[in-house]
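The residues making up each chain are set out below.
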Amino acid sequence: MLTLDLDDLIRHALKEDIHTGDLTTQACVPDQRPATARLIAKEPFMLAGLQVAERVFTLLDPAVGFEALALDGARLQAGAVIARISGDAASLLQAERVALNLLQRMCGIATLTSNYVAAVSGTRARIVDTRKTTPGLRMLEKYAVRVGGGINHRTGLYDGILIKENHIAAAGGISAAVSRARSYIPHTLKIEVETESVAQVQEALAAGADIIMLDNMDCATMRDCVAMINGRALVEASGGVNLETVRAIAETGVDIISVGALTHSPKAADISMLLD
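Worth saying up front: this structure is predicted, and the values here are computed from it rather than measured.

Some remarks on the overall build of the chain
In step 1: Scanning the chain for helices and strands turns up 11 helices and 12 strands.
In step 2: Referenced to the eigenvectors of the C-alpha coordinate spread, the extents of the chain come out at roughly 70 × 35 × 25 Å.
In step 3: Burial status across the chain gives 49% buried among its 276 residues.
In step 4: Considering only intrachain contacts with a sequence separation of at least 6, the fraction spanning at least 24 residues in the chain is 69%.
In step 5: Surface exposure of the chain reaches about 13,500 Å², of which carbon and sulfur atoms provide 52%.
In step 6: Taking the average location of the 26 positive side-chain charges in the chain and that of its 32 negative ones, the two points are 3 Å from each other.

Written out as structure tokens, the structure reads:
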């Protein structure tokens, strides 16, 4: 994560929350008062984003002390103390919600990702994320996916070619779209094509696609397509993927399974900050 980008994100979040001032803290704690607090896991989850939470506190007040008691990737149980924080009580209270919001979401993403990774264990399939992220939080959410054992798909529209159904329609077909993309991009980039039928898979293969996405296909069709592609392109499965279906999808022989739910539908981890 780039520090400058992270600081900009946190500043925006703090401004959104505090704005012209924390009325409750100003009223109840008008003078400086030293305080210590603990971040506590209220349920089991995988930790991700503790350094982000730390940066919220120290960016708001550089005098705040933050002692991490676990590392990202650790599996925590309910009751575990994640970190100890010390500093002016007002600073701790004002940073609390932003720090927890980011930390809870990142832990939820890492935990969900790890469940998907475990579900396909022993197959060749890798679990990857998508661009279905919270606006402004993509770098944090994709980091959390990596902590959970997943792989990042392209970061944005700028770092990869993914020809989807609307591109195909606008370009006049898969062959035309791939040809134009190939002449436009450097040799270092790969071209991925989204397909919805066996005929489209055949066309994408003939056009020289490097990666072929099988979108919303049933497992029998995916298995046939994997056999037809026969290693000539990487195969990605997408659509209709959940924890109940992902194992069967992986067993079709696909190389990649993209799961939008990793970042658009995670349950935030339950974490509290308690002053001593």
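Structure's up, so let's keep going.
Considering the pairing of strand 8 (residues 191-195)
In step 1: Of all 5 residues that make up strand 8, 5 are buried, and the element is covered over most of its length.
In step 2: As paired elements, strand 7 (residues 161-163) and strand 8 share 3 bridges and run parallel to each other. Note on strand 8: the bridge partner recorded for Ile163 is Val193.
In step 3: Pairing of strand 8 with strand 9 (residues 211-215), which is carried by 4 bridges, proceeds in the parallel orientation.

Section: helix 9 (residues 219-229)
In step 1: When helix 9 is considered as a whole, its buried residues turn out to be Met222, Cys225, Val226 and Ile229. With its buried residues spanning 105° around the axis, helix 9 presents them on a single face. Opposite the buried face of helix 9, by more than 90 degrees, sit the exposed residues Asp224 and Ala227.
In step 2: Where helix 9 is buried, its residues touch helix 8 (198-207), strand 9, strand 10 (234-238) and helix 10 (246-250).

Some points on the environment of Lys142
In step 1: When you line up the elements, Lys142 lands in helix 5 (residues 138-147).
In step 2: By relative accessible area, Lys142 is classed as buried at 4%.
In step 3: Lys142 sits 28 residues away from Ala170 along the chain, and the two C-alpha atoms are 30 Å apart.
In step 4: The residues touching Lys142, leaving out its near neighbours within four places in the chain, are Asp129, Thr130, Asn152, His153, Arg154 and Thr155.
In step 5: Polar side-chain contacts of Lys142 include one of 2.7 Å to the side chain of Asp129.

Considering the packing of aromatic side chains
Note on aromatic pairs: each is described by the distance of the centres and the angle between the planes.
In step 1: Evaluated as defined, the whole model comprises 1 aromatic pair.
In step 2: Both rings, one in Phe57 and one in Phe66, keep their centres 6.1 Å apart while their planes meet at 40°; by these two values the pair is tilted. The residues Phe57 and Phe66 share a single accessibility class, namely buried.

Observations concerning the pairing of strand 9
In step 1: In terms of burial, strand 9 is largely enclosed, as 5 of its 5 residues are buried.
In step 2: With burial as the criterion, each face of strand 9 is covered, one bearing Ile211, Met213 and Asp215 and the other bearing Ile212 and Leu214.
In step 3: In this fold, the crossover linking strand 8 to strand 9 by way of helix 8 has right-handed handedness.

Some thoughts on the nonpolar core
In step 1: Formed by 87 residues in total, the largest nonpolar core has its most connected members in Leu39 and Ile257.
In step 2: Take this core: its biggest share by element is 14 residues, from helix 4 (residues 89-119).
In step 3: Ignoring anything within four residues of it in the chain, the contact list for Ile257 reads Val120, Ala125, Arg126, Ile127, Val128, Ala237, Val241, Val246, Ile249 and Ala250.

Focus on the side chain of Asp215
In step 1: Within the secondary structure layout, Asp215 lies in strand 9.
In step 2: The buried charged residue Asp215 lacks any salt bridge, with Lys164 as its nearest oppositely charged partner at 6.2 Å.
In step 3: Those residues within four positions of Asp215 in sequence are excluded, and the remaining contacts are Glu194, Thr195, Glu196, Ser238 and Gly239.

Rules used in this analysis
- Residues numbered from 1 in each chain as written.
- Predicted model: local features only at pLDDT ≥ 70, side-chain atom pairs only at ≥ 80, totals over all residues.
- Heavy atoms only, no water.
- Helix = DSSP H or I, 4+ residues; strand = E, 2+ residues; numbered from the N terminus.
- Buried < 20%, exposed > 50% of the residue type's maximum accessible area, 1.4 Å probe, protein only.
- Contact = heavy atoms within 4.5 Å.
- Areas by Shrake-Rupley, 256 points an atom, 1.4 Å probe, with all protein chains shown as cover.
- Lys, Arg positive; Asp, Glu negative; His and termini not counted.
- Charge placed at Lys NZ, Arg CZ, Asp CG, Glu CD.
- Pairing = 2+ DSSP bridges.
- Arc of directions from axis to C-beta.
- Polar contact = N/O pair within 3.5 Å; in protein donor to acceptor, adjacent residues only side chain to side chain.
- Phe/Tyr/Trp six-rings, centres within 6.5 Å; stacked < 30°, edge-to-face > 60°.
- Right-handed = clockwise from strand over helix to strand, strands pointing away.
- Core = buried A, V, L, I, M, F, W, Y, C linked by side-chain atoms within 4.5 Å.
- Salt bridge = Lys/Arg side-chain N within 4 Å of Asp/Glu carboxyl O.

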